[in-house]
Amino acid sequence: MSTVSPKGLSPAGRAPIRVAMLGCGTVGSEVARLLTEQAGELAARAGAPVELAGIAVRRPDKHPELPAELLTDDAAALVARDDVDVVVELVGGIDPVRSWLLTALNAGKSVVTANKALLAEHSAELFEAADASGADLYFEAAVAGAIPLLRPLRESLAGDRITRVMGIVNGTTNYILSAMDATGAGYAETLDEASRLGYAEADPTADVDGYDAASKAAILASLAFHSRVTAKDVHREGIADVTASDLAAARTLGRTVKLLAICERVTADDGTESVSARVHPVMIPRSHQLAGVGGAFNAVYVEADAAGELMFYGQGAGGAPTASAVLGDLVAVARNQVHGGRGPRESAHAALPVRPMGQTPTRYHVSLDVADRAGVLAQVAQAFAAHGVSIAAVRQRDANDTASLVVVTHLAPDAALQSTVDEIAKLDVVHEVVSVMRVEGEDA
Ligand code: NDP
Ligand code: HSE
């Protein structure tokens, strides 16, 4: 670990880039380690040494591994110091982090952050502050951990028209669902393991209830569609209601269950465009590429008019993988400071409205236990027809006086599908609605 050095010229003749690091937990400790171990290499790439000016943590006494002279519990004071050029924020949450980052940006200090919760709510305000002072705002680590995904969206695909971004963006829930699918492991024990491995958020309900993925979907939709989409605009369902029997049922049908973030550009019949952004469990065929994405890995498809289909895959959580993305941003910021130039600014000129979930076209898989007698299938089919929902496939398996019925629909507005399920649940002939899950990756 390097120690504090006075701000001055490096041997190469360049003043060091001085970094205030806020937070030194799962991700921050790996950033600090790599900054030290790879100091020479990073200096060569950035064009100047990149050194730690200070590290703010909540409990400095719990960090004997860090140089005491760097440690503080006063993040606000560290951010405001004159010898700080760049702030790397790895604390998480919205307050008080928001005010620290606004202070930094207002003072012209560039910010690198992994904080998707903050960006999904306040990126407009942060970008405005960065624009006003000429600072950079980079956040590659905020979505999909190590995977270079935001830079391609912000820069490489800036000349293309993106139509869809869909994928697995939460490592914790993918770890849980993969384990439940592979071994039938219980939900709670798998979540504990994901936390132990450093994948889960400080409050793991952010992962399990889909908040983390919804924040990431908001960031992805904003970048892909050049519009402001916040976490509140994203339809969100977590995996808390996905049961071992859902996964078993999916397996029987040659499918599995994944929590997907789906961001789409939707064009209405009159040509007007809107954005749909949603996070929910999805049943996909086992032959689908996303079905094979296990553990804390993430995978994201991007579809664009000219580029066609692109897939990004890699480690979506964990200290070292996330630190890789943070350091990539830090080198970019340092290069800009050394050589001049700015990182990409906010691009929200399209200002597309967000389409409500009820109007978003989806497909359902509905599994029912029904009475096994004449006319039952007709009653069920009538409920679908009454809501304008077209059935794609029906499968029936009999057991004593009960039949197990699986219905897969064609695309229909989500609200129509919900209403259909509500009506079916009330039919006398339906003993139980066993499972309802949206379907992706099959021909509509
Ligand atoms: P941790 O909980 O492991 O670490 C948080 C750090 O912030 C700790 O060092 C803690 O101090 C410090 N901290 C908390 N409150 C304060 C405060 N008031 N003042 C100063 N320091 C404070 O979090 P992670 O490293 O897992 O996550 C950090 C960020 O990275 C979050 O935004 C998260 O969403 C994001 N992220 C995390 C990934 C992961 O896989 N873990 C992946 C991608 C993004 P102390 O050590 O003393 O408790
Ligand atoms: N908790 C997050 C996840 C960390 O599990 O994906 C990576 O953003």
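If you're wondering where the values come from, they're calculated on a predicted model, not measured in any experiment. (Residues numbered from 1 in each chain as written. Chains lettered and ligands numbered in written order. Predicted model: local features only at pLDDT ≥ 70, side-chain atom pairs only at ≥ 80, totals over all residues. Heavy atoms only, no water.)

(A) Just the side chain of Glu89, in detail. With respect to the helices and strands, Glu89 occurs in strand S4 (residues 86-89). Buried charged residue Glu89 carries no salt bridge. Nearest counter-charge: Lys116, at 10 Å. Within the local environment of Glu89, its side chain forms a polar contact with the side chain of Thr113, the two groups lying 2.6 Å apart. Other than its neighbours up to four places away in sequence, Glu89 contacts Leu22, Val97, Leu101, Val112, Thr113, Ala114 and Asn115. (Helix = DSSP H or I, 4+ residues; strand = E, 2+ residues; numbered from the N terminus. Buried < 20%, exposed > 50% of the residue type's maximum accessible area, 1.4 Å probe, protein only. Lys, Arg positive; Asp, Glu negative; His and termini not counted. Salt bridge = Lys/Arg side-chain N within 4 Å of Asp/Glu carboxyl O. Polar contact = N/O pair within 3.5 Å; in protein donor to acceptor, adjacent residues only side chain to side chain. Contact = heavy atoms within 4.5 Å.)

(B) Looking closely at the nonpolar core. Val87, Phe139, Leu149, Leu150, Ile162, Leu220 and Val302 are the most contacted members of the largest nonpolar core, which has 73 residues in total. When residues are assigned to domains, this core turns out to be shared by domain 1 (17-145 + 320-339) and domain 2 (158-314), each giving three or more. Discounting residues that sit within four places of it in the chain, Leu149 has contacts with Glu140, Val143, Ala144, Leu220, Val300, Val302 and Phe312. Counting 36 residues, the second largest nonpolar core, distinct from the first, contains Ala32, Ala48, Val50 and Leu70. (Core = buried A, V, L, I, M, F, W, Y, C linked by side-chain atoms within 4.5 Å. Domains from an automatic or database assignment.)

(C) Representation of the site of ligand 2. In the neighbourhood of ligand 2, 13 residues make up the surrounding shell, with Lys116, Gly171, Thr172, Tyr199 and Glu201 lying closest. Backbone polar atom of Tyr199 to a nitrogen atom of ligand 2: 2.6 Å apart, as the coordinates give it. Relative to its unbound accessible area of 250 Å², ligand 2 is 94% covered by the protein chains. Elements represented by at least two residues in the shell around ligand 2 include exactly helix H7 (171-183) and helix H10 (211-225). (Near = heavy atom within 4 Å. Areas by Shrake-Rupley, 256 points an atom, 1.4 Å probe, with all protein chains shown as cover.)

(D) Layout of the pattern of salt bridges. Taken as a whole, this structure holds 30 salt bridges when the rule is applied. Where Arg18 meets Glu51, a salt bridge forms, and the shortest distance between an N and an O atom there is 2.8 Å. Taken together, the residues span a long stretch of sequence, with Arg18 in strand S1 (residues 17-22) and Glu51 in strand S2 (residues 50-56) at a distance of 33 residues. By the burial criterion, Arg18 is buried, and Glu51 matches it. Counted as one network, the salt bridges with shared partners bring together Arg164, Glu264, Arg278, Glu303 and Glu440.

(E) Inspection of the site of ligand 1 at higher detail. Surveying the vicinity of ligand 1 reveals 23 residues, the closest of which are Cys24, Arg59, His63, Glu201 and Gly318. Taking His63, its side chain carries an N or O atom lying 2.7 Å from an oxygen atom of ligand 1. Note that an oxygen atom of ligand 1 is positioned 2.7 Å from one of the backbone N or O atoms of Gly318. Contact with the protein chains covers 85% of the free accessible surface of ligand 1, which is 910 Å². Split by residue class, the shell around ligand 1 holds 10 nonpolar, 9 polar and 4 charged. (Nonpolar A, V, L, I, M, F, W, Y, C, P; charged D, E, K, R; others polar.)

(F) Broad picture of the domain arrangement of the protein chain. Looking at the assigned domains, one finds that the protein chain contains domain 1 (17-145 + 320-339), domain 2 (158-314) and domain 3 (359-439). Taken over C-alpha atoms, the centre of domain 1 sits 27 Å from the centre of domain 2. Summed over both sides, the interface of domain 1 with domain 2 buries roughly 1,100 Å², with 65% coming from carbon and sulfur. Here domain 1 is connected to domain 2 by 4 salt bridges. (Buried area = accessible area lost by both parts, 1.4 Å probe.)

(G) The UniProt feature "binding site: NADPH" (unreviewed entry) in the protein chain, seen in detail. In the numbering used here, UniProt assigns the "binding site: NADPH" (unreviewed entry) feature to Lys116. Along the chain, the position of Lys116 falls in helix H5 (residues 116-133). In this structure Lys116 comes out as buried when scored by relative accessible area, which is 13%. (UniProt positions renumbered as here; feature names shortened; annotations may be inferred.)

(H) How the structure looks around helix H1 (residues 26-37). Helix length check: H1, at 12 residues, gives a terminal C-alpha distance of 17 Å against a target of 16 Å (1.5 Å per residue), a fit within 8%. If you check which residues of H1 are buried, you get Val27, Gly28, Glu30, Val31, Ala32, Leu34 and Leu35. Where H1 is buried, its residues meet S1, helix H2 (39-46), S2 and helix H12 (319-339). (Expected span 1.5 Å × (residues − 1).)

(I) Local environment of the UniProt feature "active site" (unreviewed entry) in the protein chain. Feature annotation in UniProt places "active site" (unreviewed entry) on Lys216, given in this structure's numbering. Relative to the helices and strands, Lys216 is located in helix H10. You can call Lys216 buried: its relative accessible area is 4%. For Lys216, the contacting residues outside a window of four places in its chain are Lys116, Ala142, Val143, Ala144, Val169 and Asn170. A polar atom in the side chain of Lys216 sits 2.6 Å from the side chain of Asp212.

(J) Representation of the pairing of strand S11 (residues 297-304) in the model. Counting buried residues in S11 gives 6 out of 8 residues, a clear majority hidden from the surface. Bridging between strand S7 (residues 162-168) and S11 involves 6 bridges; their strand directions are antiparallel. The residue of S11 that forms the bridge with Ile162 is Ala304. Here S11 pairs with strand S12 (residues 308-315) via 8 bridges, running antiparallel. Among the inter-strand pairings, Phe297 is bridged to a residue of S12, identified as Gln315. The hairpin turn running from S11 into S12, its antiparallel successor, is 3 residues long. (Pairing = 2+ DSSP bridges.)

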